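Chains, contacts and geometry: an overview
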There are 2 protein chains.
Amino acid sequence: MIRAEIITIGDEILYGQITDTNTQWISAELDKIGIRTVRKSSVGDTEEAILQIFQEATDRADLVIVTGGLGPTKDDITKKTFCKYFNTTLEVHQEALTDLTEFFRKRGREVTGLNLGQAELPANATYIKNTMGTAPGMWFEQNGVVYISMPGVPYEMKGLMTLSLLPKIQEYFKTPVIFHKVIRTVGIGESLLAEMIDAWEDALPPHIKLAYLPSMGSVKLRLTGFGEDIKALEKEVEDKFEKVLPIIKDYVYGFGNEELEEAIGRLLKEKGYTVSTAESCTGGYLGHQFTKVAGSSAYFMGGIISYDNAVKINQLGVKAETLAQFGAVSEETVIEMSENIRKLCQTTFGLATSGIAGPDGGTTDKPVGTIWIAIASETQTITKKLQLGGFREQNIHLTAINILNLLRTTWL
Amino acid sequence: MIRAEIITIGDEILYGQITDTNTQWISAELDKIGIRTVRKSSVGDTEEAILQIFQEATDRADLVIVTGGLGPTKDDITKKTFCKYFNTTLEVHQEALTDLTEFFRKRGREVTGLNLGQAELPANATYIKNTMGTAPGMWFEQNGVVYISMPGVPYEMKGLMTLSLLPKIQEYFKTPVIFHKVIRTVGIGESLLAEMIDAWEDALPPHIKLAYLPSMGSVKLRLTGFGEDIKALEKEVEDKFEKVLPIIKDYVYGFGNEELEEAIGRLLKEKGYTVSTAESCTGGYLGHQFTKVAGSSAYFMGGIISYDNAVKINQLGVKAETLAQFGAVSEETVIEMSENIRKLCQTTFGLATSGIAGPDGGTTDKPVGTIWIAIASETQTITKKLQLGGFREQNIHLTAINILNLLRTTWL
């Protein structure tokens, strides 16, 4: 198996000043093409530290991927250190210079002194064009080890990897034929899911691997098959897949890269349904889950954030008596909220949330994390009581996930 | 300066299946007490890889912090590898066993076989109690190097660090006296900010350092003073601070750990103001910015997410002619939205957003990223046009930041 090592260069990451999202993304992409990451490291902006990690990585890996340290300022010393490591010098690369000049020209600017240096590459580098920025990607080969250098800006790095480097890596290393299938679940925890599919998982052949990828409120299952013939492999993985699907079908909302809110959006659009929201404890977060998806105006009409009871009564038409008798966090209130918002916005469904997000506001009867959700359709209104935990952000997020999933399982 | 190395153990992180948030948090905490992280590494769940990184780290650092690999399942081999590294064996630790039993008893459970093993520690370990989970923290000393081992679960790790380990580290290493002051800015980029305070920064004495901590839409400035006498140091840092504040005061919204939405909330509460929101392009995200803050019901009354024009007209009372003549993304529309929501919810201020979040829906006149915001008060309505970029999530986030900052600079 091809072994990779990922190196991040930069004091900002080392001292915890910025979040490194690149390393995870790169290792996940490598994993998908059957390359095993054996070490991830962050080092500072010093020649000594960089040379040391280059040497170590060379001893461990077939592929060394380096991000960061390519900006035009004096702190960024990756290129000079590559020169020292490969015992070579920086030279102006004509293609890089042309692309750089063009990049600036398109933005109505001239290439200035500091930026001109970005067209200088170590003499042994293969130039990899960066369409989204000024620091080029580079590819080096020495003693059977490949070194890749990219800027640390995430969208530039991702552009370079996706457009140029991942295909080049696959070709160079003749990586095995790989087929992935991702099943996305919601409404069940990782360990319960694992128990349900235990027997099926144990029966997987050695060349088909299962990975659990959990996040708050959902779990992805990824089946990865390794082989030589893509057609045969695809069929084999799909067969396994067909066997596990009936066992967990209640929890499966989609496949591949589709997020829950995207899957819901797709289903709403397909069926010609529309939705509106009446939010109390989620305070706009549920609306945001719908509207963060591009094209959501096709099915999301709008909503009312009825945080204060006056807004529940005046804008949403919840009866004052209901609030007085049962409280804002009650089945009776969310029923009215969901039915009223549905009528006001003239949508197929009206979704409502009301609960105690915390950390304060809990009582013995209704502790923090007590949340009611409701969905009204033309013919019926369904409700559900959630008993979540003590963390505000988590309660808000899980309430949104729960009501989206209730919509999915009941009507989509 | 004390050098630290942070090691994360676990295949899930190495293969990019889960996000490692621990490493950044630990390095930021170490930075605050004057300990320099010199390397961060992730390695897999194999004895060979763990022993190798232990040896490397020992050669480079005074303090080696290890997270992960402490769970009760067979994959978690950190403790056994520590034994091998220190040439010792696992022994039942009585205090650990008592705490473990008590932990389970409180939850109405018995300690079972697999979990019993969690009370076994390498014989040379100092036991560090984990109040939030079952895997204890450990402290080792050998040849002048300190090794710390913690579980990878973030809130357990943070609990161990905050309650026990950071104080112990400070005491053991006699770290210098340190005083921090964080200034939080919004509405200005890192490089412009740096230019404004260039002369002030250059005049800082060597024992007072400035760090720029940027995130999307805002930049934190952290002043760190190193010294021996806390009183004198505090005064010195505060003096520097008083000098820079007038230069950048228009951009400063708060200090310390306070986020923008928290600062706005605090100011609204102090002044007895209330707010409501009428959101189009932000689709609930602005409401969420207010309501994610605990206690926001004191000043956030509610809002209308008027995604569809019908909702703008029927619920929000925007004139159909205004929409027809100027379009939904126009100054005229956001003025009506902000003034109407203010009246409907009877709040001090009404905030409105309408724009083209993208990626589709742009025109030559109004390309993606064209966004109008407005805030209505009793006496005046102010508006602002934003020209943001092509990324939907970024546009939504930056619109919220911009309108919060407009509220702050105009009225708070």
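As shown above, the structure is provided for reference.
Residues numbered from 1 in each chain as written. Chains lettered and ligands numbered in written order. Predicted model: local features only at pLDDT ≥ 70, side-chain atom pairs only at ≥ 80, totals over all residues. Heavy atoms only, no water.

The next subject is the overall build of chain A. Counting its regular elements, chain A contains 16 helices and 17 strands. In terms of its C-alpha atoms, chain A occupies a principal-axis envelope of roughly 80 × 55 × 40 Å. Sorting the 412 residues of chain A into buried and exposed places 55% on the buried side. Within chain A, one finds 41 positive and 52 negative side-chain charges whose respective centroids are separated by 3 Å. (Helix = DSSP H or I, 4+ residues; strand = E, 2+ residues; numbered from the N terminus. Buried < 20%, exposed > 50% of the residue type's maximum accessible area, 1.4 Å probe, protein only. Lys, Arg positive; Asp, Glu negative; His and termini not counted. Charge placed at Lys NZ, Arg CZ, Asp CG, Glu CD.)

Glancing now at unusual backbone geometry. In this chain, Gly-358 of chain A is followed by Pro-359 of chain A through a cis amide linkage whose omega measures 0 degrees. Relative to the assigned elements, Pro-359 of chain A resides in the loop between β15 (349–355) and β16 (370–376). Positive phi, close to 50 degrees, is recorded for Gln-346 of chain A, a residue that is not glycine. Topologically, Gln-346 of chain A is positioned in the loop between α15 (331–345) and β15. Of the residues examined, Gln-346 of chain A reaches a relative accessible area of 65% and is grouped as exposed. The phi dihedral of Asn-87 of chain B is positive, around 55 degrees, even though this residue is not glycine. Mapping Asn-87 of chain B onto the fold places it in the loop between α4 (78–86) and β4 (90–92).

The next subject is the interface of chain B and chain A. As a measure of interface size, the accessible area lost when the parts come together is often cited. Taken together, the contact pairs 59 residues of chain B with 59 residues of chain A. Taken together, chain B and chain A are joined by four salt bridges. Here chain B and chain A share 34 residue pairs in polar contact (both at pLDDT 80 or more) between them. The element contributing the most residues to the side of chain B that touches chain A is strand β2 (residues 36–43) of chain B, with eight residues. With three bridges connecting them, strand β14 (residues 300–305) of chain A and strand β14 (residues 300–305) of chain B associate as antiparallel partners. The residue bridging Ile-305 of chain A from the neighbouring strand is Gly-303 of chain B, located in β14 of chain B. (Contact = heavy atoms within 4.5 Å. Salt bridge = Lys/Arg side-chain N within 4 Å of Asp/Glu carboxyl O. Polar contact = N/O pair within 3.5 Å; in protein donor to acceptor, adjacent residues only side chain to side chain. Pairing = 2+ DSSP bridges.)

A surface patch of nonpolar side chains, amounting to about 490 Å² of accessible area, comprises Met-132, Val-153, Tyr-155 and Leu-163 of chain A together with Phe-391 of chain B. Structurally, Met-132 of chain A can be placed in the loop between β6 (126–128) and β7 (137–142). Owing to a relative accessible area of 37%, Met-132 of chain A belongs among the partly exposed residues under this scheme. (Patch = residues over 30% accessible without salt bridge, like charges linked within 9 Å, V, L, I, M, F, W, Y side chains within 5 Å. Areas by Shrake-Rupley, 256 points an atom, 1.4 Å probe, with all protein chains shown as cover.)

Next up on the list: the relation of the copies chain B and chain A. Between chain B and chain A, the superposition needs a rotation of 180 degrees and an axial shift of 0.3 Å, giving an RMSD of 0.4 Å. Such a turn and shift between the copies fits a two-fold axis. (Least-squares fit on C-alpha atoms with pLDDT ≥ 70 in both.)

Moving on to the sheet that holds β14 of chain A. An order of β17(A)-β16(A)-β15(A)-β13(A)-β14(A)-β14(B)-β13(B)-β15(B)-β16(B)-β17(B) is seen for the 10 strands of this open sheet, with the pairing classed as mixed. Each of the sheet's edge strands pairs with one partner strand only, and the pair in question is β17 (381–387) of chain A together with β17 (381–387) of chain B. Strand-to-strand twist across the sheet, computed as the mean angle between neighbouring axes with direction ignored, equals 15 degrees. Sheet analysis places strand β13 (residues 275–279) of chain A next to β14 of chain A, joined by five bridges and oriented parallel. Within the sheet, the bridge partner assigned to Ser-276 of chain A lies in β14 of chain A and is Gly-302 of chain A. Of the strands in this sheet, β13 (275–279), β15 (349–355), β16 (370–376) and β17 of chain B touch helix α16 (residues 392–411) of chain B, which is tilted by about 30 degrees from β16 of chain B. (Axes fitted to C-alpha atoms, helices over the stretch in contact; angles between N-to-C directions.)

Next up on the list: the environment of Gly-317 of chain A. Residues and elements named next belong to chain A. Within the secondary structure, Gly-317 is located in the loop between α13 (309–314) and α14 (320–326). A residue is classified by how much of its surface remains accessible, and Gly-317, at 39% relative accessible area, is partly exposed. Put simply, Gly-317 and Ile-53 are 264 residues apart on the chain and 65 Å apart in space, counted from C-alpha to C-alpha. Filtering out sequence-adjacent residues up to four positions away, Gly-317 remains in contact with Lys-312, Glu-336 and Asn-340.

The next thing to look at is the pattern of salt bridges. Tallied over the full model, the rule gives 36 salt bridges over all chains. Note that Asp-62 of chain B is salt-bridged to Arg-3 of chain B, the shortest N-O span being 3.0 Å. Here Asp-62 of chain B, found in the loop between α3 (47–60) and β3 (63–67), pairs with Arg-3 of chain B, found in strand β1 (residues 3–9); they are 59 residues apart in sequence, far enough to count as distant. For Asp-62 of chain B, a relative accessible area of 18% translates into the label buried. You can call Arg-3 of chain B partly exposed: its relative accessible area is 36%. Glu-29 of chain B serves as the salt-bridge partner of Lys-32 of chain B, at 3.1 Å between the closest nitrogen and oxygen. With Lys-32 of chain B and Glu-29 of chain B both in helix α2 (residues 22–32), this residue pair falls three residues apart, about one helical turn. If you follow the salt bridges from partner to partner, you end up with Glu-5, Arg-39, Glu-56 and Arg-60 of chain A together with Glu-5, Arg-39, Glu-56 and Arg-60 of chain B in one network.

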